[in-house]
Amino acid sequence: MKPNIRNIAIIAHVDHGKTTLVDQMFRQSGVFREGALVAERLMDNLDLERERGITITAKNCAVSWQGTKINIVDTPGHADFGGEVERALSMVDGAILLVDASEGPLPQTRFVLEKALAKRLPIIVVVNKIDRSDARAKEVLNDVYDLFIDLDANDAQIEFPVLYAIGRDGIAQTSLEEPGKDLRPLFDTLLEQIPPPEIQDAPFRMLVSNIGYSDFVGRLAIGKVESGVLKKNQQIICLKESEEVSLKVTRIQVYAGTELVDSEKAEAGDIAVIAGLEEVEIGDTLAAPENKKALPRPIIDEPTVAMRFYANDSPFAGKEGKHILATRIQQRLEKECLANVALDLDFPPERDSFIVMGRGEFQMVILLETMRREGFEVAVGRPEILFKERNGEKVEPIELLHIDVEETFVGILTEKLSRRKGRLENLTNHGTGRVRMEFSIPSRGLIGFQSEFMTDTKGTGIMHSLVSGYEPYRGDFRSRFTGSLVSDRVGSSVPYALYNLEPRGRLFVDGGVPVYNGMVVGEHNRDNDLMVNPCKTKKLTNMRASGKDEAVVLTAITPMNLEQSIEFIRDDELVEVTPTSIRIRKRKLPPPKST
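Think of each chain on its own: its residues are numbered from 1, step by step along the sequence as written. Whole-chain, interface and lining totals are the exception, using all residues; otherwise, since this is a predicted model, local features are given only for residues with pLDDT of at least 70 and side-chain atom pairs are given and counted only at 80 or more. With hydrogens and water set aside, each side-chain value is computed from the structure's full complement of heavy atoms.

Counting 44 residues, the largest nonpolar core has Ile 123 and Phe 148 as the members making the most contacts within it. Contacts are assigned to residue pairs with any non-hydrogen atoms lying within 4.5 Å of each other. Those residues in contact with Phe 148 that lie beyond four places of it in its chain are Leu 97, Leu 113, Leu 117, Ile 123, Val 125, Ala 153, Gln 157, Ile 158 and Phe 160. If you look at the next biggest cluster of nonpolar residues, it comprises 27 residues, including Ile 329, Cys 337, Leu 343 and Met 364. Working definition of a nonpolar core: buried Ala, Val, Leu, Ile, Met, Phe, Trp, Tyr and Cys residues. They are joined through side-chain atoms within 4.5 Å. Accessibility here uses a 1.4 Å probe with only protein chains present; expressed as a share of the type maximum, an area under 20% marks a residue as buried, one over 50% as exposed, and anything in between as partly exposed.

Below is the structure:
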C-alpha cells in the first residue's frame, strides 16, 4: 500500500451538491492562498456546465490533508452521463455518496451506488443540505439504508460511516445535534475509512480510464497507475483488444489542486496524465514490455437511444456555420465517441446519415449544443429507441421515473403517463403539500414529455429517470396529437400573414424571420400538416377605409430551444441546428415557391 495517498470519487444525484462540496474542500485544504478570488463551482469549467448548473464530464483534482494527497474525481449526477461515472470508478479506491437531506436517494443515486458496490468500494455517506427548511435527515438516512439493502450490499458495506453537511458553507458534522465548524470531520473520516491504493509488486501497468487532448502535446491518457513506476521518455506498450502497439512517453503530469503539474515519474497509486500516446483509447492497458497482461476493460451499459445526424441540406445551408460537410461531421462524431465510451457511432446502409447511440435524449442535446458552438451545421431526426429481441419476443428499455409535484397535479400526470404506457409503482406524501410518485415507463414514453410536464405542473414539477432494465413491448401509443404549419415558399415572414395564421395554431417564428419551403413555422391545432404562406403581405388599393387601419399586434412568441425542438418533431421532421439558429423542417422538402 501507499499510505500517503487516497483516491476517491464523489457520487450523487444531480443538484445534490457535489461540485459545491469540492469547492469547499479546495478552500479548507489550502489549495488557494488566503484572500484569493475563486470562482464558484470551480470543477464545472465547461460553459455548458456553468449555464445549466450540472456536471457533464468527470474531472480530476487533488488536495492535501495532513501530509496525505487526496485525488478527487467529481462525477456527473445525470443518468445520461453514466458512462462518465463508470470510468471514474475505475480510478478510485472509495467513494463519498452525497444525498440531499430533503430529496433523499433519487434514480442516479441508485445507479452510481450500484456501480460502486459492485466494485466493492468502501462508501462514506454524507447527508447534505441539512440547513434546508424541509430537511428530513433521519428519514433520508433510513431511505439510504433501504437502498443499500435493496442493492444487496454485504454486511461490511452497510456499516458505512455517516456525516451531515452544509456543503455550501463548508461544514461537516458527525451528528445532527452537535453543530460543525468546518470540513475536518469529513477529511478525518476519509483518511480513516478509505484505504490507500493497493500496490502490486510488478512492472508498470495502468488502465486508461479517460482521454484528454492538448493543443500542444496531442492526446492525453488518464488513469490510475496499478503497479510499478513510469518515467519520462520510457518506452511502453499499449494493449488493445486485438493488438499491441509500442509507444514512447513524452510527458507525465499529476494533479495539484485543479491544475496539472509536470512530473518526472508516476508511481503506483498515482492518477497520472500521460502524453505522447496518439493511438491509445479508453479501456486500453499501458504497460512495461515485460508486463503484458491486460487489465479488465470497464463494462459500459449498452446504449438505449439512437439519433440520426444529417449534413444540413436546407436552402440556408452554409450561411451560418463553418463546418457543413458530412466528412467533417463524421470526424467530429468519431472524436466524441473516442472520448465518451457511452456513445457509439453506426452507419445506415443508405449512407445518408450517421447514427449516434447513447444513454438518453439529454446526452444527445449536450453533444449537439457543443457542436453548434464549434461552428457545425447539422440536421437531426427524432430520438429512436433501441429495441431488442429475447426468446423471439420484442423487448424495450424501461425507465424508473421519479416525479416530485404539488398534490393538485397528481391526477393529470397519472392520466398522461398512463397513456404513454406508464404504471404507477409508488406514491409518497410527506405532508408538505408535495407528493413523490414513482412510475415504470418505457423510454419512448418519455421522449417529448419534458415540456408537456413543465406546462402541466406550471414549472414547479421535478422529474428524474433511470433505465432499470428491459421488459416486453408494452404496445403502441401516440405522443403527439397535433400537426405542423409548414411554409410553402422561401422569403421573410410578415406580421400581417402571421396574424392571420394565429387562429390555426401556435407559431414558432416572429415577423421578419427568414423562412424556406418545408420549414415548420408553427404547430397546427389539428393532427394534420397544413401548408401556409407566412410571407403574404396585405394587398394595397387606392380605396380609403371608413376607419383607419389598426396595427397588427402578434401574440408574444417564445423561441423553442434545442431540447424542445427535438421533443416536438415527428418521424418525418428534422431539427436544423446551426451556430445561430434552431429551425424545424420537413425531412423531405417540397418544391419551392417564390414570394
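A few words on the packing of aromatic side chains. Whether two aromatic rings pair depends on their centres lying within 6.5 Å, for rings of Phe, Tyr and Trp, where Trp uses its six-membered ring; planes under 30 degrees apart make the pair stacked, over 60 edge-to-face, and the rest tilted. With the rule as written, the count across this model stands at 8 aromatic pairs. Aromatic pair Phe 316 and Tyr 516: ring centres 5.0 Å apart, planes at 85 degrees, arrangement edge-to-face. Highlighted residues: Phe 316 in the loop between β19 (305-311) and α8 (326-339) and Tyr 516 in the loop between β32 (514-515) and β33 (519-524), separated in sequence by 200 residues. An aromatic cluster of at least three residues, connected via ring pairs, comprises Tyr 145, Phe 148 and Phe 160. Counting from the N terminus, the helices are the DSSP runs of H or I reaching at least four residues and the strands are the DSSP runs of E reaching at least two.

As a further point, take empty space enclosed by the protein. The rolling of a water-molecule-sized probe over the atoms marks out the regions of remaining empty space. Of the grid points, spaced at 1 Å and generated over the protein atoms alone, those admitting a 1.4 Å probe that cannot get out make up cavities, while open sets with protein on both sides within 12 Å along at least five of seven lines make up pockets; any residue with an atom within 4 Å of a point is treated as lining. Grid points are joined across faces, edges and corners, and a volume is the space filled by probe spheres set on the points. According to the stated counting rule, one finds 1 cavity of 30 Å³ or more in the structure shown. Taken together, Glu 103, Leu 106, His 402, Ile 403, Asp 404, Arg 436, Ile 462, Met 463 and His 464 make up the lining of the largest cavity. Sorting the residues of the lining of the largest cavity by element identifies β25 (393-406) and β28 (462-472) as the ones contributing at least two each. In the lining of the largest cavity, the residues fall into 4 nonpolar, 2 polar and 3 charged. Here the nonpolar group is Ala, Val, Leu, Ile, Met, Phe, Trp, Tyr, Cys and Pro; Asp, Glu, Lys and Arg are the charged ones; every other residue, Gly included, is treated as polar.

Take unusual backbone geometry next. Residue Arg 351 is not a glycine yet carries a positive backbone phi of 55 degrees. Tracing the sequence through the fold places Arg 351 in the loop between β20 (344-346) and β21 (354-358). The phi dihedral of Lys 458 is positive, around 55 degrees, even though this residue is not glycine. The residue Lys 458 is located in the loop between α11 (449-456) and β28 in this model.

Attention now moves to the pairing of strand β26 (residues 423-429). Two strands pair under a simple rule: DSSP has to find at least two bridges between them. Where β26 and strand β27 (residues 434-442) come together, 6 bridges link them in antiparallel fashion. Bridged to Asn 429 within β27 is Val 435. Hairpin connection of β26 to β27: 4 residues between the antiparallel strands, including Gly 431 at a positive phi of 80 degrees.

Here we come to the packing of α8 against helix α9 (residues 361-373). In contact at an axis separation of 12 Å, α8 and α9 are set at 130 degrees when each is read in the N-to-C sense. Taken together, the axes of α8 and α9 are oblique relative to one another. You can see that α8 and α9 cross each other, and the crossing is right-handed. Of α9, the residues touching α8 (which contributes Ile 329, Arg 332, Leu 333 and Glu 336) are Leu 367, Thr 370 and Met 371. When its residues are assigned to classes, the contact of α8 with α9 shows 4 nonpolar, 1 polar and 2 charged. Helix axes are fitted only over the stretch in contact, all axes being lines through C-alpha atoms; the angle between N-to-C directions runs from 0 to 180 degrees. Angle categories: roughly parallel below 35 degrees, roughly antiparallel above 145, roughly perpendicular from 65 to 115, and oblique for all the rest. Helix crossings are classified by the rotation of the near helix relative to the far one: an anticlockwise turn of less than a right angle makes the crossing left-handed, while a clockwise turn makes it right-handed.

Here pLDDT means the predictor's own confidence in every residue, given as a number from 0 to 100. In the predicted model, the protein chain carries a mean pLDDT of 84, and 90% of its residues have values of at least 70. Here residues 41-45 scores under 50 on pLDDT; set against residues more than four positions off or in separate chains, the count is 30 contacts.

This part is about the pattern of salt bridges. By definition here, a salt bridge exists when the distance from a side-chain nitrogen of Lys or Arg to a carboxyl oxygen of Asp or Glu is within 4 Å. Evaluation of the coordinates by the stated rule reveals 38 salt bridges. Among the ionic pairs, Glu 350 bridges to Arg 308, the shortest N-O distance being 3.4 Å. Of this pair, Glu 350 sits in the loop between β20 and β21 while Arg 308 sits in strand β19, placing them 42 residues apart in sequence. On the basis of relative accessible area, Glu 350 is assigned to the partly exposed category, the value being 47%.

Turning next to helix α4 (residues 107-118). One full turn of an α-helix is made of 3.6 residues, so residues set three or four places apart face in the same direction. One less than the residue count of a helix, multiplied by 1.5 Å, gives the span that helix is expected to have. Spanning 12 residues, α4 covers 17 Å between terminal C-alpha atoms, matching the ideal 16 Å at 1.5 Å per step. For α4, the tally of buried residues reaches 9 of 12 residues, placing the bulk of the element in the interior. Buried residues of α4: Pro 107, Gln 108, Thr 109, Phe 111, Val 112, Leu 113, Lys 115, Ala 116 and Leu 117, and no others. Arg 120, located one to two residues past α4, shows a positive phi value of around 60 degrees.

Our next topic: the side chain of Asn 71. Among the structural elements, Asn 71 can be located in strand β3 (residues 68-74). Pairs of N or O atoms within 3.5 Å make up the polar contacts considered here, provided that, within protein, one atom can donate a hydrogen while the other can accept it, and that residues adjacent in sequence are counted only when both atoms are side-chain atoms. In terms of polar contacts, Asn 71 uses its side chain to reach the side chain of Asn 7, at 2.9 Å. Not counting the four nearest positions on each side in its chain, Asn 71 is found in contact with Ile 5, Arg 6, Asn 7, Ile 8, Cys 61, Ala 62, Tyr 255, Gly 269 and Ile 271.

Where α4 contacts helix α5 (residues 137-150), the axes come no closer than 10 Å and their chain directions differ by 50 degrees. Judged by the inter-axis angle, α4 sits oblique to α5. At the point where α4 passes α5, the crossing takes the right-handed sense. Contacts from Thr 109, Arg 110, Leu 113 and Leu 117 of α4 reach α5 at Leu 147, Phe 148 and Asp 150.

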